[in-house]
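# Structural description and commentary
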Amino acid sequence: MIALFYHIPECLQSLTEKSAADIILDCKQKDGTIPSQGVQCHMKLGVVGLPNVGKSTLFNAITNAGAQAENYPFCTIEPNTGVVPVPDHRLDVLAGMYHPKKVTPAVIEFVDIAGLVKGASRGEGLGNKFLSHIRETDAIVHVVRCFDDDTIIHVDGSVDPARDIDTINLELIFADMDTVQKRREKAEKSFRGGDKNAAAEAELAERLYAHLESGKPARTLDCTEDEKQIMNGWFLLTTKPVIYAANIAEDDLGKDESGIAYVNSVRDVAEAEGAGVIVISAAIEQDIASMSQDEKKEFLEEMGIGQSGLDRLITASYKLLGLISFLTAGEDECRAWTIVNGTKAPQAAGKIHTDFEKGFIRAEIVPFDTLAGLGSMAACREKGLVRSEGKDYVMKDGDVTLFRFNV
């Protein structure tokens, strides 16, 4: 879920045609500050995994939220949350051009959810808490242990990525089966009461139940768009997109991943269900988290891995959820806004403020690469490269945008 909640200053009520930049300038208070503009809601990723797979270590590394990382099950009882900025070099370039008072990147919220054991769908371990917290997320990052270490206890006594994935997936499937069964009973009752539309829901529930019973997640069911809409209303756990984070040993980082048997096992499972995979070393990420930017860059170059695990995780998350960012720039703020790929200009404007969408006139757009290449918006205008786009324009990743609208 991506939305924006704004406090609307009184000065908005008397505006005619304005741009987003004009709004900010007009709304300055006497002391020169800008009124509270609310908080941008953002993608929420639930980080899950069996106890002692490196889940909380990874969470600590990428959010610095200080979750406990002890060598025993259930050390993360309440979900720890951390909001991290989305790395975007384009904001650095825009900041160098505009010298804004602040730079606001897009953000992702990570939620470290309690460890899971067999029987969680029946309330074993901390299963009930685990399942309820997963329902509140947009996607799941499933950390899978892909390293051997006799000093770190495995709940099943040995390392087996496919088995570990199956353990969690089955618990989610069992929970969904219970939900679908209740939905089917409710739909059948409504149909007997004369609601003819309930027949389609009952049929879908019956078909989905059989699919789940065969051990397959709901997201792999072959269904129509209308049926997907019905399923979305059921808030199922196994419809959520999944990224498997294969947590490898420090010594394996930088090696040819195809030669790591545990990683291959994770990839086989992911391919079968259309999930994403990143290979990461939680221990290394913890070291990286304490480095300066220069140290981090040098370290990554030495290791030959290019990007940190966090950067790769965010990239994979954006791809999996079909997300892109458009940019706004000015002397007050340079900012990245997250939208779903395929969003049209008025709806993108609505992410900044609902009035921008309601009174949308046009969007003045220049691709980031064009702006960066010419060095200024004025230069882009001189060459006629700033486009004026209407309500049917589909936003592109990296569009530097100025919205014009009536209020």
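Residues numbered from 1 in each chain as written. Predicted model: local features only at pLDDT ≥ 70, side-chain atom pairs only at ≥ 80, totals over all residues. Heavy atoms only, no water.

### Observations regarding the packing of helix α5 (residues 161-192) against helix α6 (residues 198-213)
To characterise two packed helices, one gives the angle between the axes of the helices and the distance between these axes. Running from N to C, α5 and α6 cross one another at 155 degrees; their axes reach a closest spacing of 8 Å. Compared by their axis directions, α5 and α6 come out roughly antiparallel. Pair α5 / α6 crosses with left-handed handedness. Counting all contacts with α5, which are made through Ile173, Asp176, Met177, Val180, Gln181, Arg183, Arg184, Ala187, Glu188, Ser190 and Phe191, the residues of α6 involved are Ala198, Ala199, Glu201, Ala202, Ala205, Glu206, Leu208, Tyr209, Leu212 and Glu213. Taken together, the residues that form the contact of α5 with α6 break down as twelve nonpolar, two polar and seven charged. (Axes fitted to C-alpha atoms, helices over the stretch in contact; angles between N-to-C directions. Helix = DSSP H or I, 4+ residues; strand = E, 2+ residues; numbered from the N terminus. Parallel < 35°, antiparallel > 145°, perpendicular 65-115°, else oblique. Left-handed = near helix turned anticlockwise from the far one by under 90°. Contact = heavy atoms within 4.5 Å. Nonpolar A, V, L, I, M, F, W, Y, C, P; charged D, E, K, R; others polar.)

### Here's the deal with the packing of aromatic side chains
Summed over the entire model, instances satisfying the criterion amount to four aromatic pairs. With a centroid separation of 5.8 Å and an interplanar angle of 85 degrees, the aromatic rings of Phe326 and Phe403 are classed as edge-to-face. Taken together, the residues Phe326 in strand β11 (residues 323-328) and Phe403 in strand β15 (residues 399-406) connect sequence positions 77 residues apart. Looking at Phe326, the relative accessible area reads 0%, which means it is buried. What makes Phe403 buried here is its relative accessible area of 1%. An aromatic cluster is present here, built from Phe326, Trp337, Phe360 and Phe403 joined pairwise through their rings. A cation over a ring is seen here: Arg184 above Tyr209, with NZ or CZ 5.2 Å from the ring centre. (Phe/Tyr/Trp six-rings, centres within 6.5 Å; stacked < 30°, edge-to-face > 60°. Buried < 20%, exposed > 50% of the residue type's maximum accessible area, 1.4 Å probe, protein only. Lys NZ or Arg CZ within 6 Å of the ring centre and 35° of its normal.)

### So, helix α10 (residues 293-303)
Considered for burial, the residues of α10 that qualify are Lys296, Phe299 and Leu300. Each buried residue of α10 lies within a common arc of 95 degrees when the element is viewed along its axis, so the set occupies one face. Exposed side chains of α10 directed beyond 90 degrees from the buried face belong to Asp294, Lys297, Glu301 and Glu302. Buried positions along α10 lie against α9 (282-289) and α11 (309-321). Gly304 sits one or two positions beyond α10 and adopts a positive phi of about 70 degrees. (Arc of directions from axis to C-beta.)

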